[in-house]
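# Report on the structure
Single-letter residue listing:
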Amino acid sequence: MSDEIVISTSNLVKTYSISSTSKVEALRGIDLSIEEGSIVAITGKSGAGKSTLLHVLGLLERPTSGDVFLNNTNISGMPDSVASGFRNCTVGFVFQMNNLLPEFSALENVIMPGLIAGLSLSTLRERGRSLLAAVGLSNREDHRPGELSGGEQQRVAIARALVMSPPILLTDEPTGNLDQKTSFAIQDLLLELCEANNVTMLLVTHDKDLSKRLPYQIVMEDGLIVDSGRN
Ligand SMILES: Nc1ncnc2c1ncn2[C@@H]1O[C@H](COP(=O)(O)OP(=O)(O)OP(=O)(O)O)[C@@H](O)[C@H]1O
Ligand SMILES: [Mg+2]
């Protein structure tokens, strides 16, 4: 780990307007500073703002106010036309629902972000194969998601999240749908891959055992960070 800060926010606010009279203040002023290579659990009760924070950090949603820096780039005012390309190269996502494309094979799903970025097919196939090998799925390259188990699908999603070699991985309940044994295996895999590739990971979880396994923890409540520190 270095002292380089890869994710930072200042006074980050996200307010959803439900109607002209009703608003939800999902993030009420978040100040974050995450060093390169950190692996951080984000915990807190349902509705605390955890997923909203990941969405705003990952450029899936825009903040209402405040700044977000990823890799020293201020993304808050970035035009949409630039944002999608920047996101594709900078952030990998793994969600509870893996959102794999059902009509494509495991290998095709893994390399899809690279195809969107216009990288060469031969380079991508090589990289996709080595990532599928890293997640233990060399023998499932040609299977479609419907022909894979839940844990296997999640491993494909992890390989896909890493195909662009992003410096940042944002994961939201990545093992929420899996049995305990599979869940542990996927957690180990995520930690190993992040450490091996110096990836900075924020992982949202309700699983207390998992959050305690990670080196750092941030606790959210009602749109704010109420506690943070080393485990
Ligand atoms: N698109 C939206 N429109 C309006 N309100 C929303 C929207 N998304 C989230 N919210 C509200 O913002 C608050 C924070 O939601 P968020 O999804 O970030 O919570 P969370 O901490 O991830 O909860 P959980 O643990 O249940 O996933 C909640 O009160 C939620 O109802
Ligand atoms: Mg959530």
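Here is a short report on the structure shown in this document.

Another point: the overall build of the chain. Check the secondary structure of the chain and you find seven helices and 10 strands. For the chain, whose C-alpha radius of gyration is 17 Å, the value lies close to the compact-globule estimate of 17 Å for 231 residues. With respect to the three principal axes, the spread of C-alpha positions in the chain is 50 × 40 × 40 Å. For the chain, the residues scored as buried account for 39% of the 231 residues in total. A separation of at least 24 residues holds for 70% of the contacts in the chain among residues at least 6 apart in sequence.

Here we come to the environment of V204. Assignment of secondary structure puts V204 in strand β8 (residues 200–204). Separated by 160 residues in the primary sequence, V204 and G44 place their C-alpha atoms 8.8 Å from one another. Apart from the residues lying within four places of it in its own chain, the contact partners of V204 are I42, K50, S51, L54, T171, D172 and E173.

Here the focus is helix α5 (residues 150–162). Here α5 is 13 residues long and its end C-alpha atoms lie 19 Å apart, about the 18 Å a rise of 1.5 Å per residue gives. Counting buried positions over the 13 residues of α5 gives 10, a clear majority of the element. Taken residue by residue, α5 has Q153, Q154, R155, V156, A157, I158, A159, R160, A161 and L162 as its buried positions. Those residues of α5 hidden inside the fold are in contact with β6 (91–95), α3 (106–116), α4 (121–134), β7 (168–172) and α6 (180–197).

Let's shift gears to the site of ligand 1. Close to ligand 1 lie Y16, I18, V24, A26, G44, S46, G47, A48, G49, K50, S51 and T52, which account for all nearby residues. Put simply, the parts of the chain that give the shell around ligand 1 at least two residues each are β2 (23–35) and α1 (50–57). Along the lines of polarity and charge, the residues of the shell around ligand 1 split into five nonpolar, six polar and one charged.

The next point concerns the pairing of strand β4 (residues 65–70). Judged from the five bridges that link them, strand β1 (residues 5–17) and β4 form a sheet pairing that is antiparallel. Looking at the pairing, S10 lines up with D67 of β4. When β4 meets strand β5 (residues 73–74), the two strands line up antiparallel, connected through two bridges. Within β5, the residue paired with F69 across the bridge is N74. In this structure, the hairpin formed by β4 and β5 is closed by a connection of two residues, where N71 is found at a positive phi of approximately 55°.

Turning our attention to α4. With 14 residues, α4 extends 20 Å from end C-alpha to end C-alpha; this agrees with the ideal 20 Å at 1.5 Å per step. For α4, the full list of buried residues reads L124, G128, L131 and L132. The arc enclosing the buried residues of α4, seen along the axis, measures out at 100°, which places them on a common side. More than 90 degrees from the buried face of α4, the exposed residues found are S122, T123, E126 and S130. On its buried side, α4 packs onto α3 and α5. Positive backbone phi, approximately 75°, marks G136, located one or two places after α4.

The rules we used
- Residues numbered from 1 in each chain as written.
- Chains lettered and ligands numbered in written order.
- Predicted model: local features only at pLDDT ≥ 70, side-chain atom pairs only at ≥ 80, totals over all residues.
- Helix = DSSP H or I, 4+ residues; strand = E, 2+ residues; numbered from the N terminus.
- Rg over C-alpha atoms; globule rule 2.2 N^0.38 Å.
- Buried ≥ 20, exposed ≤ 12 C-beta atoms within 10 Å, placed from the backbone.
- Contact = placed C-beta atoms within 7 Å.
- Expected span 1.5 Å × (residues − 1).
- Near = placed C-beta within 6 Å.
- Nonpolar A, V, L, I, M, F, W, Y, C, P; charged D, E, K, R; others polar.
- Pairing = 2+ DSSP bridges.
- Arc of directions from axis to C-beta.

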